Each structure stands twice: as C-alpha cells, then as structure tokens.
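Chain residues, written in single-letter form:
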Amino acid sequence: MKKIFLTFISVTAILFTSCTKFLDCPPSAVLSEGNVQTASSIDGLVTAAYAELVNDYWNRPWNLWCFMEVGSDNCYKAGGSLSDQQNILFIEMHEGVTSTNSFYGNLWKYGYYSVGRCNTALQLLDGIDEKEYPLKKQRMAEMKFLRAQFYWRLLILFNDIVWVDENMNPDDIKKASNYARTPAEMWNMIYQDCVDAYSVLPETQADKGRPTKYAAAAAAAKIALLSSTKLDQTTWAYQGVDQTKMSQVLEWTNRVLEGGFKLNADFGTNFYLEGNNSKETIWGIQYSQDDGTTFGRANFSNGLNWPVKVSGCDFYKPSVNLINAFRTKDGIPMFEDYNKQSYGDYKDFGPLSLGTVDPRVYHTVSMPGVAFKLKQDKNIVDDNIYRLDWCRDPADFGPFATAKQLLPTTDPGIVWILPYISCTLTQAEYRLDDIILMKAEALIETGKWKDAQDLVNQIRNRAANSTTYFTAESLVPANYSVRAYTDAEWSSEEFARKALRWERRLELATEGLRFWDLIRWGIAEETLNKYYSEEKSRAPYLKDAKFDTASDTFGPIPNSEIVLSQGLYKQHGKY
C-alpha cells in the first residue's frame, strides 16, 4: 500500500506517496494511492495546503511577530512578567537563544509540514489528466505560490534550510542537508515559483483566499526585495545591494500597479472588518467563524496579544522608540531628535505629551486615555477607554498595546476561545501601500531616487487624511500633523533613502518584517544596540540586550532536527 507516513525528521513528514512498509495491519484514516488520485480528492489536498495558512497559533505565528517585531526596535515581548514565555524574551534581547528554543523549533517543523502539503498536492496534480481535472494548471500555480510563502519565512528565519520539492522521494529527503543548496539558490527557486504562477493564474478569483496573477507578481516583487542584500555567508556581514534583484522589484511592482488596486481613503480601514479584501488588498490570509469547525478558523497567532482587560495575555507591546518615531515637526518625521522625549512615570503618560504626531500612530498603538481600537462602547469594560490597569506588567513593559491585528470586543469578527480571544480580520500579506514603498525603494537603490518622491508622498498624503475614525468618542486628541515632502527636502539620494526607510517603519509597523528590513539594509547592529542603550531607561530589563551580526542574524537550526537527522544538518552561528 502507498500511504502517508512520518519518518525520522520533520521535513520527511511531508505527504509523499511511497512504497514503505509501516505496519503489517491495514491502518485506518490513511490516504492510499487509489483514494487520492481522483479529482475531488486532489482538490481536497489543495484545500489542505491552504489550511496550513491558518493552522497557526500563538507559539507558531506565521505573522512572525515575536521574531521580526519583538526581535527589532518596534515591540516588547510583554505578558505577565519577564519569565512569562521566556523564549520570546531571549529572541527580543538576542541573548539566551538556544537551539532548543521552542518558537524556532515550531516554525521549522510546521513550516515543513506546510511545504509538504503543497508538494503533495503538486505531485498528485502532476499525475492527473487535465481532461479529468480542468483546473490542473491553475491549482499547480496556486500551490507553487503558496509554497513560496512558507519558504521565504523559513529563509529569513534560518537561512540554512533544507530544500524539498514535489520531485523528491522520501529517500531523497532523508539525504538532503541544510547546506545542499545555498540560500541564494533557494531564493531564486521560490522566486521562480512565483514567476511560474504568474504565467498561469487568472487576474481575478471568485474565492478571495486564492492568489491571482497580481498576487503572484506581488510575491515575486517581495521575494526579490527580501533577497536583495548580499550577505557574507560566514559572518553574515552586509555586502551591498544586488542591482538585479532591485530591477526585478521594479518589474513586478509595475505589473501589480497595472491591476487597478487603490489605496483606501483612510489607512485605518485596513485594520477593521470593513477593510477585509478591500480595493487595497492584493492577497490576504482568510479567517472565518461559525464555519462548522469547533472554534472557527480565526487568527490564533495573535491570541496572546489582547490587553488583559479583554481576556488577552497582554503580549506584544509597542516600544517607546516606535511610538516616538511617529512624532513630527512641521509635518515630517523628526529623524535625529525623535527619541529624545522622556515620559517619566508611565502613569502620567498621555497622548498629548508626544507633541504633534503622524495620525498612523493611533491606528498602530493603543495608549492610555484613547478608546481601544478608537471605539467606545458603554456596555463593556471602562467604556472601552484604554487605561493603565488594562496591562499586566506596566512596570516592565509600559502602558501601551498593539492595535492593528486586534478588534474591539463587541465586533462581530471576535472569536472567544477562553481564556484566549481571536478574530477574523484578514491578514493582508500583499497590500498596495507596501507595493508602492517597494517600488520607491527599488528606484532609490537603482539611482532613480528623484522618481521615488511621488510614491512616498502618496503614502504620506493618505496618512494625512487617515482621521475618519477619530470621532469625538475615540478621544484622539487633535495633535496630528503630517504632510508630503517638498522638492527642497527631497534633495539627495541620502535623504530619499532615509525618508523611505522611515516611511516603511511607520506604514508597516507591527506587521512582521521590521527586523529583516534592518538586516537587509545592513544597519541591524547599529540600530538595535543604539535602541537598547536608550530604551533601557524605559524598559530596564533590556540593559543586558545586545545584537551581534555575526551570531544573531539568523535563528538556530533546531537541535531536535539535527539529532533526528543523525548529524546531517549542521548548526550555524553561536548556537
């Protein structure tokens, strides 16, 4: 019998068919060769691959918040104490991370489960006649697109990973090491998956969760951007920008921009149910409730991150450094002086103490004195005005809360799984604002920095109008001021680069890529160590934090995988 089985390492748990004797007695609930080669069964395997997008959880978050945001200058771990989920604290401080850290272990394991589902579907799709299954080519393109989403996450987390595809049998997988292919080769392979998908996928899809041609173009642009930095593979030192990759970013962002997508009038719309699959979303991960499953398919990656007053665990709090980055002077970022503000006792903090700010801060951060998610409801806790007592440990982690991924507790998209809470807000993986900023960055890095001004100003002009959620009941003070850059200000490549990088931080804050942005810009060590030296006066536990490019750029290869591979996998860095 051909069947799916688990072999000695996580990657070989991939659902391949092979002639292997597992048990002498016929097992139940096993997919045999005969019952997976019908069109309906193969379509079910395609659906199972999509299901991996929402098979996330707070300790294996596909949105990478504990690696890319807590591991950067944007957010604190938070929670109930320093020891609460201490593995995240080690990631935040870049100290104490070991190869047994369960967060890295889970992302490796479930990453390869997810890749495996895509490979299984691809293998079986390849074997079915197109007359029997007319959607064969389209579904294969979808699986290649989807596989790329899992692989790029593994690459930015681990760098030295195992390549597994639908053409490998279990023996091939057992023999594959995490150094068999270079990271550059693997980036090129997943880029090619997206290029291949683009050539097949339709311009629209009836099912919102399926990628379109434009989603594949956006993914190709993103993968080119994420892999655009040359890193020394021994020291991980920055060695400049790959111009070919930046040219690819330009090519593919231009194709996305032909798709008729539009920025929402208000930035905040992206973070409410009315923004699900809006005109700004190119492709997003879909969540659901009341769908016949026990709890629905809600976004459990953020299950810990609601404030304690609304049944959350109060993890993932924006740093003071991030909040200060939204401060403005004459409508533009303060740049050099932005972080000199000291707030003293957090109990005395109020939004007005920030001075003038970019209004996007109120869509990104919940802060004392302002309605949680900018909405009041007199039937719930404290009229829904966010206060210090909504926090579990403000002495260590301050009084703020993340906002983008959460919803008000009375919102119809809320899903209660006590003691946790979740919601069905679509996770927009590819959004027009990001595409615009990708193109602007590629223009700057290919010497066309003047042409990037209009693109960055599109984002800033939208930010200036992002106040429609600031009703009287939101209690947002009228201290916001943001404007476009003038020609006189946009006067050099150096300024353009600084402004673009600042804009990416403000627009995409807490959305899961800040740490990798710092790495690919070659400024992680400088930025993070400066952050730690300043932030320790606000968060004293950071006094021992330190980032070293040569040892902290990538996470450890999980020790369990090295052991189970009988030493075939090799460790890197300080681990």
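Keep in mind it's a predicted model, so treat the numbers as computed, not measured.

**Q** Can you tell me about the pattern of salt bridges, naming the residues and giving the values?
**A** Within this structure, the stated rule accounts for 38 salt bridges. Between E511 and R431 there is a salt bridge, and its shortest N-O distance comes to 2.9 Å. Of the two residues, E511 is situated in the loop between α15 (493–508) and α16 (514–520) and R431 in strand β14 (residues 427–431); the sequence distance between them amounts to 80 residues. Taking the shortest distance from any N to any O, the salt bridge between R462 and E507 comes out at 3.0 Å. With a gap of 45 residues between them, R462 in helix α14 (residues 452–464) and E507 in helix α15 connect regions that are remote in the sequence.

**Q** Tell me about the nonpolar core, and please be specific about residues and values.
**A** Counting residues in each nonpolar core, the largest one holds 162 residues, and the members touching the most others are F67 and W152. Beyond its immediate chain neighbours, meaning those up to four positions away, W152 contacts L64, W187, I190, K222, I223, L226, E429, Y430 and L513. Within the second largest apolar cluster, 13 residues are counted, among which are Y386, I414, I421 and C423.

**Q** Lay out helix α8 (residues 213–226) in plain terms, naming residues and giving numbers.
**A** Relative to the 20 Å expected for 14 residues at 1.5 Å per residue, α8 spans 20 Å between its end C-alpha atoms, a close match to the ideal helical length. Within α8, 14 of the 14 residues are buried, which leaves the element mostly enclosed by the surrounding structure. Two or three places before Y214, at the start of α8, stands the capping residue T212, its side-chain oxygen 3.2 Å from that residue's backbone nitrogen.

**Q** Describe the packing of helix α4 (residues 102–126) against helix α5 (residues 136–158), listing the residues and the values that go with them.
**A** Taken N-terminus to C-terminus, the directions of α4 and α5 make an angle of 160°; their axes are 9 Å apart at the nearest point. Classified by the angle their axes make, α4 and α5 are roughly antiparallel. By crossing handedness, the relation of α4 to α5 is classed as left-handed. When grouped by side-chain class, the residues that make up the contact of α4 with α5 number 17 nonpolar, 3 polar and 5 charged.

**Q** Explain the packing of aromatic side chains to me, using residue names and the numbers behind them.
**A** When we look at a pair of aromatic rings, we describe it by the centre distance and by the angle of the planes. Counted according to the given criterion, the structure contains 37 aromatic pairs. Ring geometry for W65 and Y316: centres 4.9 Å apart, planes at 35°, overall tilted. With W65 in helix α2 (residues 65–69) and Y316 in strand β7 (residues 315–318), this residue pair connects regions lying 251 residues apart in the sequence. Each member of the pair, W65 together with Y316, is buried. Ring geometry for F267 and F271: centres 5.1 Å apart, planes at 70°, overall edge-to-face. What makes F267 buried here is its relative accessible area of 0%. Put simply, the rings of F67, Y104, W108, Y112, Y151, F158, W163 and Y569 pair up and form one aromatic cluster. Sitting over the ring of W252, R255 keeps its end group 4.4 Å from the ring centre.

**Q** Quick one: what's the story with empty space enclosed by the protein, residue by residue and with numbers?
**A** Scanning all chains against the criterion turns up 7 cavities of 30 Å³ or more. Counted as a void, the largest cavity has a volume near 490 Å³. Those elements that place two or more of their residues in the lining of the largest cavity are α5, β14, α15 and α16. Per-element accounting of the lining of the largest cavity gives the leading share, 5 residues, to β14. Here the residues of the lining of the largest cavity are counted per class, giving 10 nonpolar, 9 polar and 12 charged. There is about 130 Å³ of room inside the second largest cavity. Elements with a contribution of two residues or more to the lining of the second largest cavity: α2, α3 (86–93) and α5. Residues that form the lining of the second largest cavity fall into these classes: 11 nonpolar, 4 polar and 2 charged.

**Q** An account of unusual backbone geometry is needed here, citing residue identities and associated values.
**A** Phi is positive for D290, close to 50°, though the residue is something other than glycine. Mapped onto the fold, D290 is located in the loop between β6 (281–285) and β7.

**Q** Tell me about the packing of helix α1 (residues 39–51) against α5, and name the residues and values.
**A** Between α1 and α5, whose axes approach to 10 Å, the crossing angle comes to 25°. Relative to α5, the element α1 lies roughly parallel. The two elements α1 and α5 meet at a crossing, and its hand is left-handed. Contacts between α1 and α5 involve D43, V46, A49 and Y50 on the former and, on the latter, R139, E142, M143, L146 and F150. Class assignment for the residues of the contact of α1 with α5 results in 6 nonpolar, no polar and 3 charged.

**Q** Tell me what's going on with the environment of A442, and back it up with residues and numbers.
**A** Topologically, A442 is positioned in helix α13 (residues 432–445). In this structure A442 comes out as buried when scored by relative accessible area, which is 0%. Beyond its immediate stretch of four places on either side in the chain, A442 contacts M246, V249 and L250.

**Q** Describe the layout of surface pockets, listing the residues and the values that go with them.
**A** Over the atoms, a rolling probe the size of a water molecule traces out where space has been left empty. Reported here for the largest pocket is a volume of approximately 660 Å³. Listed by contribution, the elements that provide at least two residues to the lining of the largest pocket are α15, α16 and α17 (524–535). Of the residues contributing to the lining of the largest pocket, the split by class is 7 nonpolar, 2 polar and 11 charged.

**Q** Mind laying out the pairing of strand β12 (residues 414–417), listing which residues take part and the relevant values?
**A** For a regular strand, side-chain orientation follows a simple rule: the groups alternate between the two sheet faces. Relative to strand β13 (residues 420–423), β12 is paired through 4 bridges, and the arrangement is antiparallel. Counterpart to I414 in the pairing with β13 is C423. Linking β12 back to β13 in an antiparallel pair, the connection comprises 2 residues.

**Q** Which residues make up the confidence of the model for the protein chain, and what values go with them?
**A** Mean pLDDT over the protein chain stands at 91; residues scoring 70 or higher make up 93%. Across residues 1–30, confidence stays below pLDDT 50; counting only partners more than four residues off in sequence or on other chains, it has 69 contacts.

Reading the values: the criteria
- Residues numbered from 1 in each chain as written.
- Predicted model: local features only at pLDDT ≥ 70, side-chain atom pairs only at ≥ 80, totals over all residues.
- Heavy atoms only, no water.
- Salt bridge = Lys/Arg side-chain N within 4 Å of Asp/Glu carboxyl O.
- Helix = DSSP H or I, 4+ residues; strand = E, 2+ residues; numbered from the N terminus.
- Core = buried A, V, L, I, M, F, W, Y, C linked by side-chain atoms within 4.5 Å.
- Buried < 20%, exposed > 50% of the residue type's maximum accessible area, 1.4 Å probe, protein only.
- Contact = heavy atoms within 4.5 Å.
- Expected span 1.5 Å × (residues − 1).
- Polar contact = N/O pair within 3.5 Å; in protein donor to acceptor, adjacent residues only side chain to side chain.
- Axes fitted to C-alpha atoms, helices over the stretch in contact; angles between N-to-C directions.
- Parallel < 35°, antiparallel > 145°, perpendicular 65-115°, else oblique.
- Left-handed = near helix turned anticlockwise from the far one by under 90°.
- Nonpolar A, V, L, I, M, F, W, Y, C, P; charged D, E, K, R; others polar.
- Phe/Tyr/Trp six-rings, centres within 6.5 Å; stacked < 30°, edge-to-face > 60°.
- Lys NZ or Arg CZ within 6 Å of the ring centre and 35° of its normal.
- 1 Å grid on protein atoms, 1.4 Å probe; cavity = no way out; pocket = protein on both sides within 12 Å on 5 of 7 lines; lining within 4 Å.
- Points joined across faces, edges and corners; volume = space filled by probe spheres on them.
- Pairing = 2+ DSSP bridges.
- pLDDT = per-residue confidence, 0-100.

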